[in-house]
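# Results of the structural survey
One letter stands for each residue in the lines below.
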Amino acid sequence: MEISAQQLSKRNARLLRLATYASVMVAILLITLKAVVWFMSGSVSLLASLIDSLMDTGASLINLVAVAYALTPADKGHRFGHGKAEALAGLAQSVFIAISAIVVLQQGIDHLLNPRPLEAAWFGVAVMLISIIATLLLLAFQRHVIQHTGSTAIRADALHYRSDLLMNASIIIALILAYYGVPGADAVFGIGIALLIAFSALQIGRDAVQILMDHELPDAVRKEAMALARSVPGVIDVHDLRTRESGQQWFMQLHLELPGDLSLTDAHELGEQVRHTIIRRFPQADVLVHKDPVHPQPSAQTQTAD
């Protein structure tokens, strides 16, 4: 059964709100647990994880506000809607993550140069296991939301939660090695985590900038839209397809080459058929169709006679 654009919009809005609420709640839970155990152990890798969770919370709160604003209907001042607020949130997240990477890197180098004894390592291991379970559950839900909405903000959120999985596993290894007397293990793992966080920040920032700069939709989407337009009977050809993304909405503009002897009404109806054909495949698309008349070229005999 086909879903209407309005139903799709309502469903996506509900999923986006639930995803942002879930992200904030998980981040707050992990911050509380990690803060307690870091205070007990003094582990730099746990500190790295704590700072990352603090950044996650800040980023998730930004997402909460940005998604709510992005879902606001278009108004007189924003005819194309407010969808780019999601990309701005993604860009802000990349800044938060980059700051956390710098702080963790600094702490890791300091602990490497000035080793400190590690306490309560097994409490740290337990907290990391809880973190892994909570993160896996959150990522499963976020994956579901991304599949249905394509949200940039949720994708950015999921990206650094995925990096958290590797981080939490490495912290468990670091805590065990440090507990059994391997010098510098905790600090070295902390530095490695900082570099991983920095890489995530670059990825998120790049994706957000692409959207803010009106980067074209993927080639596969563009090719399919062109093929759908050409499949409508009466369309001679299609050219000058332009696309961009803004939050949950895609914008497509294309030129149809139609027989020049069509009436204005017939040309309009043909354009509407093309528009609805594309929207049925991509319900999130706002399609603008321009009609170009194509007149038959005079034959060689007619040109000679003239």
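Computed from a predicted structure; not experimentally measured.

Right, let's get into the environment of Ile-31. For Ile-31, the position within the fold is in helix 1 (residues 5-41). Between the C-alpha atoms of Ile-31 and Ile-51, which are 20 residues apart in sequence, the distance is 8.4 Å. With sequence-adjacent residues up to four places away left out, Ile-31 is seen in contact with Leu-50, Ser-53, Leu-54 and Thr-57.

Residues annotated by UniProt as "transmembrane region" (unreviewed entry) correspond here to residues 21-40, 46-71, 91-109, 121-141, 165-182 and 188-205. Secondary structure within residues 91-109 divides into 100% helix and 0% strand; the distance between the first and last C-alpha atoms comes to 28 Å. Secondary structure across residues 188-205 comprises 100% helix and 0% strand; the distance between its end C-alpha atoms is 26 Å.

A word on the packing of helix 3 (residues 85-113) against helix 6 (residues 185-212). Between helix 3 and helix 6, the shortest axis-to-axis distance is 7 Å and the interhelical angle comes to 165 degrees. In this view, helix 3 runs roughly antiparallel relative to helix 6, as classed from their interaxial angle. For the pair helix 3 and helix 6, the sense of crossing is left-handed. In terms of residue class, the contact of helix 3 with helix 6 is made up of 22 nonpolar, eight polar and no charged.

What follows concerns the pattern of salt bridges. As enumerated under the stated definition, the model contains five salt bridges in all. Salt-bridge contacts for Arg-206 lead to Asp-207; the nearest nitrogen and oxygen are separated by 3.4 Å. With a closest N to O distance of 2.8 Å, Arg-222 and Glu-216 form a salt bridge. Given a relative accessible area of 32%, Glu-216 falls into the partly exposed group.

Rules of the game
Residues numbered from 1 in each chain as written. Predicted model: local features only at pLDDT ≥ 70, side-chain atom pairs only at ≥ 80, totals over all residues. Heavy atoms only, no water. Helix = DSSP H or I, 4+ residues; strand = E, 2+ residues; numbered from the N terminus. Contact = heavy atoms within 4.5 Å. UniProt positions renumbered as here; feature names shortened; annotations may be inferred. Axes fitted to C-alpha atoms, helices over the stretch in contact; angles between N-to-C directions. Parallel < 35°, antiparallel > 145°, perpendicular 65-115°, else oblique. Left-handed = near helix turned anticlockwise from the far one by under 90°. Nonpolar A, V, L, I, M, F, W, Y, C, P; charged D, E, K, R; others polar. Salt bridge = Lys/Arg side-chain N within 4 Å of Asp/Glu carboxyl O. Buried < 20%, exposed > 50% of the residue type's maximum accessible area, 1.4 Å probe, protein only.

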